[in-house]
Amino acid sequence: MGATAAIGSAIAGGGIQAFGQYRKGQYERQIAYANAKIGDAQATDALRRGTLAAGRVRTRTAQTIGEQRAAFGAQGIAMDSGSALDLQTDAAKFGELDALTVLDNARMESWALQTQAHNLRFQGDVAAKTGRQQALGTLLGTGGNVLSAKYGFGG
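This write-up is about the structure you can find in this document.

**Regarding the overall build of the protein chain**
Secondary structure summary: the protein chain contains 2 helices and 0 strands in total. In terms of overall dimensions, the protein chain is more spread out than a globule: its C-alpha atoms have a radius of gyration of 33 Å, far above the 15 Å expected for 155 residues. Taken along its principal axes, the extent of the C-alpha atoms in the protein chain is 110 × 20 × 10 Å. Out of the 155 residues belonging to the protein chain, those deemed buried represent 24%. The contacts in the protein chain between residues at least 6 apart in sequence include a share of 82% that link residues at least 24 apart. Taking the 16 positively charged and 12 negatively charged side chains of the protein chain as two groups, their mean positions are separated by 17 Å.

Written as structure tokens, this is what we have:
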């Protein structure tokens, strides 16, 4: 009767341990996926912020060109030719270059955050698979131990 109780206890203990390993893997996966979701939101926000910042750069550029035109007009300088036109054209080109740089930086930040989110999901999937494998290993080991104890194998 004592051997039967010991075998039952071993089976129950192995089952509980296996369930715990499985649940741990599932929990780690849930945490990783939740963190990845936050990363996705941050990536989207980086693009939104970059678009807004590029818009502000373009607005400032337009204001600068407007100020140039007003100054040229006040001085009686023709705005559509010569140095005045060159200054306005350069301001427009460099302003757009600045806006595109802001957008490119936002895209790079977003890409990095998306990559991090992808890696978190992968790590979560690995944790879940590891939990399942550990649980299976525990169940198989428990079964082997029970058979050894009951039938005297491996001794």
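Still more to cover.
**Side note on the environment of Arg121**
With respect to the element layout, Arg121 can be found in helix H2 (residues 82-151). Of the residues examined, Arg121 reaches a relative accessible area of 25% and is grouped as partly exposed. Remark: the alpha-carbon pair of Arg121 and Gly95, spanning 26 residues in sequence, is separated by 39 Å. Not counting the four nearest positions on each side in its chain, Arg121 is found in contact with Tyr33, Ala36, Lys37 and Asp40.

**A few points about the side chain of Thr138**
Here Thr138 is to be found in helix H2. By relative accessible area, Thr138 is classed as buried at 12%. A distance of 2.6 Å separates polar atoms of two side chains, one belonging to Thr138 and the other to Gln21. Those residues in contact with Thr138 that lie beyond four places of it in its chain are Gly14, Gln17, Ala18 and Gln21.

**Observations regarding the pattern of salt bridges**
Using the criterion set out here, one finds 8 salt bridges in the structure. Across the pair Arg29 and Asp125 runs a salt bridge whose closest N-O atoms are separated by 3.0 Å. Linking Arg29 in helix H1 (residues 2-74) with Asp125 in helix H2, this pair joins segments that are 96 residues apart in sequence. The class for Arg29 is partly exposed, based on a relative accessible area of 31%. We classify Asp125 as partly exposed; its relative accessible area is 32%. Across the pair Asp45 and Arg49 runs a salt bridge, and its minimum N-O distance is 2.8 Å. Linking Asp45 with Arg49, this pair stays in helix H1, spanning 4 residues, or about one helical turn. With a relative accessible area of 27%, Asp45 lands in the partly exposed category. Overlapping salt bridges, with partners in common, bring together Asp45, Arg48, Arg49 and Glu109 in one network.

**Some words on the side chain of Gln88**
If you trace the backbone, Gln88 turns up in helix H2. Only 2.8 Å separates the side chain of Gln88 from the side chain of Arg69, close enough to count as a polar contact.

**Some thoughts on the environment of Gly137**
You can see Gly137 is positioned in helix H2. Among the residues examined, Gly137 registers a relative accessible area of 41% and is labelled partly exposed. Once the C-alpha coordinates of Gly137 and Asp45 are considered, the two residues, 92 residues apart in sequence, prove to be 43 Å apart.

About the criteria used
- Residues numbered from 1 in each chain as written.
- Predicted model: local features only at pLDDT ≥ 70, side-chain atom pairs only at ≥ 80, totals over all residues.
- Heavy atoms only, no water.
- Helix = DSSP H or I, 4+ residues; strand = E, 2+ residues; numbered from the N terminus.
- Rg over C-alpha atoms; globule rule 2.2 N^0.38 Å.
- Buried < 20%, exposed > 50% of the residue type's maximum accessible area, 1.4 Å probe, protein only.
- Contact = heavy atoms within 4.5 Å.
- Lys, Arg positive; Asp, Glu negative; His and termini not counted.
- Charge placed at Lys NZ, Arg CZ, Asp CG, Glu CD.
- Polar contact = N/O pair within 3.5 Å; in protein donor to acceptor, adjacent residues only side chain to side chain.
- Salt bridge = Lys/Arg side-chain N within 4 Å of Asp/Glu carboxyl O.

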